[in-house]
Amino acid sequence: MTFAPNSLHARDIAYTVHPYTDLRLHETKGPLVISRGEGVRVFDDDGKDYIEGVAGLWCTSLGFSEPRLAEAAKRQMERMPYTHIFGHRSNEPAIELAERLVRMAPPPIAKAFFVNSGSEAIDTALKLIWYYNNARGRPEKKRIIARRRAYHGITIAAGHLTGLPYARTGFDLPMAERFFHVTTPSHYRDGLEGESEEAFADRLALEIETLIRALGPETVAAFVAEPVQGAGGVVVPPTTYFEKVQRVLKKYDVLMVADEVICGFGRTGNWWGSETYGIQPDLVTCAKQLSSAYLPIGALLMSEDFYGVLADQSAKYGTLGMGYTYAGHPVAAAVAVETLRIYEEDDILGHVRGVVPHFQARLKKLAGEGLVGEARGVGLIGAVEIVKDKKTKAQYAPSSKAAAVVGAHGQKNGLIIRPLPGDSVGVCPPLIVSESEVDELFDRFEAALKGAAEALKGAA
Ligand SMILES: Cc1ncc(COP(=O)(O)O)c(C=O)c1O
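I will try to describe carefully the structure that is included in this document. (Residues numbered from 1 in each chain as written. Predicted model: local features only at pLDDT ≥ 70, side-chain atom pairs only at ≥ 80, totals over all residues. Heavy atoms only, no water.)

With that settled, the discussion passes to the packing of helix H4 (residues 67-79) against helix H13 (residues 330-345). Following both chains from N to C, one finds H4 and H13 inclined at 145°, their axes separated by 8 Å at the closest point. Considering the relative orientation of H4 and H13, their crossing is right-handed. The residues of H13 that touch H4, namely those facing Arg68, Leu69, Ala72, Ala73, Arg75, Gln76 and Met77, are Pro330, Val331, Ala334, Val335, Glu338, Thr339, Arg341, Ile342 and Glu345. Grouping the constituent residues of the contact of H4 with H13 by class yields nine nonpolar, two polar and five charged. (Axes fitted to C-alpha atoms, helices over the stretch in contact; angles between N-to-C directions. Helix = DSSP H or I, 4+ residues; strand = E, 2+ residues; numbered from the N terminus. Left-handed = near helix turned anticlockwise from the far one by under 90°. Contact = heavy atoms within 4.5 Å. Nonpolar A, V, L, I, M, F, W, Y, C, P; charged D, E, K, R; others polar.)

Here's what the structure looks like:
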């Protein structure tokens, strides 16, 4: 260890286990310690500034210094710091939050079930889908279809749905044969030579139909999808994809679950990714930007039809045996309500729509950089896919860690961007980002790509 024994880094290494980190590498290199934030910027413990180009983990929509959220938390903490919502109890912030969520949710959503994270929202969706089909007298209808490179969380059930090997390797997953994965809707990577986006979408919808028929439609309960696959590499679906997929799902009575944990609350230029892509979900999972991530809170939103089946079944059993100590936590709910108020009062959606054309133009311009095979995105989210050869789309060997090299050069240039699977590098700034901050962000991104291109010269 190269750190002074009393330094923050040494203490961190001594006591913290870091998610998504090579722990041995971490011990020699030490963490980037972020000490404070201001708008879209964060500052490390040496005072160096970074544009937070991923809004933390795709979540701090209102940036890092929104005083109204701190005040909302303080007010609620002083008034009523905790009360639960089990067994016919509630609290005012949770009630207001449910009302607001249902009012703004994509149809036919009508009810909200509170959780504390995206993974919990997904786990809850799965348990309730199984409960729902038992209640409907269809105990066989339990299988779930997701996509490869999907990220739906990391708990045991959500980890089964996540279609990324790192979420399973070494963790004894999968444990159950209830989860199936189909092709990632990446036209760039998975489209065939000369295949149009529409033809690609036809092929993927047919793949899902073929799988449902092979498994037996009476055994398939739900299809779970992020409108834009975020952590799997910001994969934007090809045109007509969801329209065609939903036609198949309807035909076989398979529920559509939209995982809006990243896309929800304005990220794609509409309140929901479901609106952007014409999805009519039976269930919606959301978290992250629900509270601008200032406090952990999420929700599973459901249609009236789905709720009605749960309600009848709970009457039969005498209770809905499902809930969390911190569900509808009044302080987290108060912060989420304040977040939604700010979205409305400051017309965040109008702001996002104003900045998007410039953001997307600067993003697409990155395709001109030597390392970039594709620059893709929608709204205020995007990624570049790093390739060794633009023509053949050949990638660097995994040992070259090309996306991580770009990420490291971003950090050097004062920009936080996120290396993702498939050698993609994601960008997803706070929604409050201004046009001039978009320019600064992409100036730094270009510098990072140039620096990385130098560093990767001769790499395998
Ligand atoms: C689409 C999606 N679903 C679910 C999750 C899991 O959320 P959490 O990390 O809050 O459990 C994530 C996390 O990034 C996500 O991106």
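What follows picks up the thread again.
Residue Pro108 is bonded to the preceding Pro107 through a cis peptide linkage, with omega at 5°. Examined against the element boundaries, Pro108 turns out to sit in the loop between helix H5 (92-104) and strand E4 (109-115). Each neighbour pair has its own omega, and for Leu173 with Pro174 the value is 0°, a cis peptide bond. For Pro174, the location among the structural elements is in the loop between helix H7 (156-161) and strand E6 (179-182). Phi is positive for Tyr20, which is not a glycine, with a value near 50°. Residue position: Tyr20 is located in the loop between helix H1 (8-15) and helix H2 (23-29). A relative accessible area of 48% places Tyr20 in the partly exposed class. (Buried < 20%, exposed > 50% of the residue type's maximum accessible area, 1.4 Å probe, protein only.)

Of all hydrophobic cores here, the largest spans 134 residues; its most connected members are Leu97, Ile129, Ile144, Phe223 and Phe445. Structurally, this core is a two-domain feature, drawing no fewer than three residues from each of domain 1 (32-65 + 347-455) and domain 2 (69-345). In this view, Phe223 contacts Ile145, Arg147, Val182, Ile208, Tyr241, Val245, Leu249, Val254, Leu255, Met256 and Val257; residues no more than four positions away in its chain are not counted. (Core = buried A, V, L, I, M, F, W, Y, C linked by side-chain atoms within 4.5 Å. Domains from an automatic or database assignment.)

The next thing to look at is the site of the ligand. The ligand sits among Ser117, Gly118, Ser119, Tyr151, His152, Gly153, Glu226, Asp259, Val261, Ile262 and Lys288. Gly118 has a polar backbone atom sitting 2.9 Å from an oxygen atom of the ligand. Ser119 has a polar side-chain atom sitting 2.6 Å from an oxygen atom of the ligand. When the ligand sits alone it has 390 Å² of accessible area, and the protein chains cover 83% of it. The residue makeup of the shell around the ligand, split by class, is three nonpolar, five polar and three charged. (Near = heavy atom within 4 Å. Polar contact = N/O pair within 3.5 Å; in protein donor to acceptor, adjacent residues only side chain to side chain. Areas by Shrake-Rupley, 256 points an atom, 1.4 Å probe, with all protein chains shown as cover.)

Moving on to H13. For H13, which comprises 16 residues, the first-to-last C-alpha distance of 22 Å matches the rise-based estimate of 22 Å (1.5 Å per residue) to within 8%. For H13, a buried count of 13 out of 16 residues is recorded, marking the element as mostly surrounded by other parts of the structure. Downstream of H13 by a residue or two, Asp347 has a phi angle that is positive, lying close to 45°. (Expected span 1.5 Å × (residues − 1).)

Where burial is concerned, most of strand E10 (residues 298-303) is hidden: six out of the six residues are buried. Residue alternation in E10 divides its side chains into two sets, Gly298, Leu300 and Met302 and Ala299, Leu301 and Ser303, and both sets are buried. Pairing between E4 and E10: six bridges, direction antiparallel. Within the sheet, the bridge partner assigned to Val115 lies in E10 and is Gly298. In terms of strand pairing, strand E9 (residues 283-286) meets E10 through four bridges, oriented antiparallel. Note on E10: the bridge partner recorded for Cys286 is Ala299. (Pairing = 2+ DSSP bridges.)

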